[in-house]
Amino acid sequence: MLSMTPKSAENFRLTVLNPGGRDQEQQFHKLPGPGEGAHPPINFHAFAACTRGAFHFNPRRAIAEETPVLLLLRSDFRASERALTDLKKHGRTVAISLKETGLHQIAQQFCNPAKLSRFIKIVTEADGCIATTPEAAEIYQRVRSKRDPTTVAFIPTPYPVEDRQWNFSLPPDEQSGIFVGTREWDVPSRNHFAALLVVRQLCQATGQPVSVVNLDGHKGRRLLDELRFPEGKLRLIEKQKPYPDYLRDVARHKIVLQLDSSHVPGQVAGDALLARVPWVGSDSAIESIAFSKTCGQGRTITEIASMALDLLKNADLRAAIVAESQQRAKERLSFQAVRSQLANFFAQFAKAT
């Protein structure tokens, strides 16, 4: 694969196209601050934001950008298939990515034969594939087995950790308790129930409060009531909040914990990076990079619970984990780092044409 010069990478722009999606179209001429713009610069919007590119749902507007395109596959893939045809007719370089890339989400999407056929066709005809998890990259590579393997890349979703305005850190004396990162009771690989049992035990052992997101209303409260957390120690977050307010909530905690085994990109781990809070458990792409010493990869629930207990008791250990995660993030997950990865990935197609 070609390696672009720093200046070439600095000038690289990418358009992200989510055909027929609901997110507003957005130009990222500069990095928006917290609360600015239609959508925060996270998830797939971050690929556009880190390159000062654009996010579109209309293929014609994506074509007009005259930049390479990252085409998202969503719903039944029909709109994505049509968009790929239009983009290629106009000479655009197109890489594709599934919009939902957890292993359980990928499996759910391919239960329909027509949809699976459409997916294989799109992946085969695109110039390349960008995967936000290593597992998704392996799937793309196997579908494109006869193509150059460098046309598939694992590139994690970036976070603006290098930008001061996205630093939501709080002093240690203003932090308390555990933030539970999962919220879905009915997705087996999320292991939400198991995570709640672990944090209940940690709460009983340390007296630290626990924050849980409950968007299931009365049903969710009844389930949580059955766990009988110590009196006054369970805090429920029951309304969707603007992203900056949510990050401020996360930053008020000593640790974030979840036991998710879905192999997702890892938005909550990215949120913990911006909040400067240690992360414990789970196996997402971002935490495996930034929080390798405390992630759930290859660890038992008992081991994860023990690490969480140590972190709750030791402020110096928490500070060390945060410092290491920030360094790793700046090297591999920052806007600058991922912009360079994207520029190098798309450079090979420019040479080919």
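Below: a short report on this structure. (Residues numbered from 1 in each chain as written. Predicted model: local features only at pLDDT ≥ 70, side-chain atom pairs only at ≥ 80, totals over all residues. Heavy atoms only, no water.)

Sheet strands associate in pairs through backbone hydrogen bonding, adopting either a parallel or an antiparallel arrangement. The sheet built from five strands is open, its strands ordered E10-E9-E8-E11-E12 with parallel pairing. Unpaired on one side and paired on the other, strand E10 (234–237) and strand E12 (279–280) mark the two borders of the sheet. Where strand E8 (residues 178–180) meets strand E11 (residues 255–257), three bridges bridge the pair, whose relative direction is parallel. When the bridges of E11 are listed, Ile 178 appears paired with Ile 255. Along the sheet face, helix H8 (residues 192–206) touches E8, strand E9 (210–213) and E11 and points at about 170° away from the line of E8. (Pairing = 2+ DSSP bridges. Helix = DSSP H or I, 4+ residues; strand = E, 2+ residues; numbered from the N terminus. Contact = heavy atoms within 4.5 Å. Axes fitted to C-alpha atoms, helices over the stretch in contact; angles between N-to-C directions.)

A complete count under the given rule lists 21 salt bridges for this structure. Notably, a salt bridge pairs Asp 260 with Arg 190, separated by 2.5 Å at the nearest N-O pair. In this pair, Asp 260 sits in the loop between E11 and helix H11 (267–275) while Arg 190 sits in the loop between E8 and H8, placing the two residues 70 residues apart along the sequence. For the pair Asp 260 and Arg 190, one class covers both residues: buried. Residues Asp 249 and Lys 241 are paired through a salt bridge, measuring 2.6 Å at the closest nitrogen-oxygen approach. On the accessibility criterion, Asp 249 (1% relative accessible area) is buried. Exposure remark for Lys 241: the relative accessible area of 37% places this residue in the partly exposed category. Where salt bridges share partners, they join Glu 81, Arg 118, Lys 121 and Glu 125 into one cluster. (Salt bridge = Lys/Arg side-chain N within 4 Å of Asp/Glu carboxyl O. Buried < 20%, exposed > 50% of the residue type's maximum accessible area, 1.4 Å probe, protein only.)

Right, let's talk about the environment of Gln 109 for a bit. With respect to the helices and strands, the residue Gln 109 is situated in helix H5 (residues 103–109). Remark: the alpha-carbon pair of Gln 109 and Arg 74, spanning 35 residues in sequence, is separated by 9.1 Å. Residues in contact with Gln 109, not counting those within four places in the same chain, are Phe 77, Leu 98, Glu 100 and Lys 115.

Neither face of E9 is open: one carries Val 210 and Val 212, the other Ser 211 and Val 213, and all of them are buried. Pairing analysis gives two bridges linking E8 to E9, with the strands arranged parallel. Its bridge partner being in E9, Ile 178 is matched across the sheet by Val 210. After leaving E8, the chain enters H8 and then returns to the sheet as E9, a path that is right-handed. As for the winding sense of the linkage, the β-α-β connection from E9 through helix H9 (residues 217–227) to E10 is right-handed. (Right-handed = clockwise from strand over helix to strand, strands pointing away.)

For the rest of this paragraph, the subject is the environment of Gly 21. The residue Gly 21 is located in the loop between strand E1 (15–17) and strand E2 (26–27) in this model. On the basis of relative accessible area, Gly 21 is assigned to the buried category, the value being 13%. Residues Gly 21 and Leu 317, spaced 296 residues apart in sequence, show a C-alpha to C-alpha distance of 43 Å.

A few words now on the environment of Ser 75. By the secondary structure assignment, Ser 75 is in the loop between strand E4 (69–73) and helix H4 (78–89). Distance from Ser 75 to Pro 160, taken between C-alpha atoms, is 29 Å for residues 85 residues apart in sequence.

What follows concerns the nonpolar core. Looking at soluble globular proteins, one finds that nonpolar side chains tend to be buried together. Core analysis: the largest hydrophobic core is formed by 78 residues, its most contacted members being Val 16, Phe 47, Leu 70, Leu 257, Leu 342 and Phe 346. Take this core: its biggest share by element is seven residues, from helix H15 (residues 335–352). When near neighbours in sequence (up to four residues on either side) are disregarded, Leu 257 contacts Ile 178, Phe 179, Val 180, Gly 181, Ala 195, Val 198, Val 199, Leu 202, Val 280 and Ala 308. (Core = buried A, V, L, I, M, F, W, Y, C linked by side-chain atoms within 4.5 Å.)

Note that every value here comes from positions in space, so none of it alone points to a role or purpose.
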